[in-house]
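Listed below, chain by chain, are the residues.
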Amino acid sequence: MRSENTAFTGGPLDGRVLPVLVGPTGHPPKWYEVPVPAADGGPATVYAYRRVPAGHSKRLGLPRGWVYEYAPGGRERHSPKWPWSKPG
């Protein structure tokens, strides 16, 4: 698998550049979650980062790389909106 060095902004990983695996399209995942174990043995804290474009090209407006921004509210979860997946 291929990886890409990606910068992190905000949160506990602020200013770090880490290698992130890219998918078949050449893009890193939309969300990057970092579990941090608790010191007292309790449940781990999960820090969530959202992928945003680092900049855009002048001519076509295409993204010029990616940066992960800290999302203090955590990852947004969405439920499917298909009629056959409703509970009950």
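Cut-offs applied
- Residues numbered from 1 in each chain as written.
- Predicted model: local features only at pLDDT ≥ 70, side-chain atom pairs only at ≥ 80, totals over all residues.
- Heavy atoms only, no water.
- Pairing = 2+ DSSP bridges.
- Helix = DSSP H or I, 4+ residues; strand = E, 2+ residues; numbered from the N terminus.
- Contact = heavy atoms within 4.5 Å.
- Phe/Tyr/Trp six-rings, centres within 6.5 Å; stacked < 30°, edge-to-face > 60°.
- Lys NZ or Arg CZ within 6 Å of the ring centre and 35° of its normal.

A.B. asks: Describe the pairing of strand S1 (residues 3-9), listing the residues and the values that go with them.
C.D. replies: Relative to strand S2 (residues 17-21), S1 runs antiparallel, the two being bridged by five bridges. Its bridge partner lying in S2, Thr6 is registered against Leu18. Looking at chain direction, S1 and strand S5 (residues 66-71) are connected through three bridges and run parallel. Opposite Phe8, over in S5, you have Tyr68 as the bridge partner.

A.B. asks: Break down the environment of Leu62 for me, citing the residues and quoting the values.
C.D. replies: Here Leu62 is to be found in the loop between strand S4 (45-53) and S5. Residues within four places of Leu62 in sequence aside, it is in contact with Gly55, His56 and Ser57.

A.B. asks: Help me get a handle on the environment of Phe8, residues and values and all.
C.D. replies: Along the polypeptide, Phe8 turns up in strand S1. Counting along the chain gives 28 residues from Phe8 to Val36, while the straight-line C-alpha distance between them is 16 Å. Excluding anything up to four places from it in sequence, Phe8 contacts Leu13, Asp14, Gly15, Arg16, Leu18, Val20, Tyr32, Tyr49 and Tyr68.

A.B. asks: Requested: an account of the packing of aromatic side chains, with residues and values cited.
C.D. replies: With the rule as written, the count across this model stands at six aromatic pairs. Arranged with centres 5.1 Å apart and planes meeting at 90°, the rings of Phe8 and Tyr49 form a pair that is edge-to-face. Placement of the pair is Phe8 in strand S1 and Tyr49 in strand S4, with a sequence separation of 41 residues. Seen in terms of ring centroids, Tyr47 and Tyr70 are 6.2 Å apart; in terms of plane orientation they differ by 55°. Their pairing is tilted. Of this pair, Tyr47 sits in strand S4 while Tyr70 sits in strand S5; the two residues are 23 residues apart in sequence, bridging distant segments of the chain. A network of ring pairs unites the aromatic residues Phe8, Tyr32, Tyr47, Tyr49, Tyr68 and Tyr70 as a single cluster. Above the ring of Trp66, the side-chain terminus of Arg51 is found at 4.2 Å from the ring centroid.

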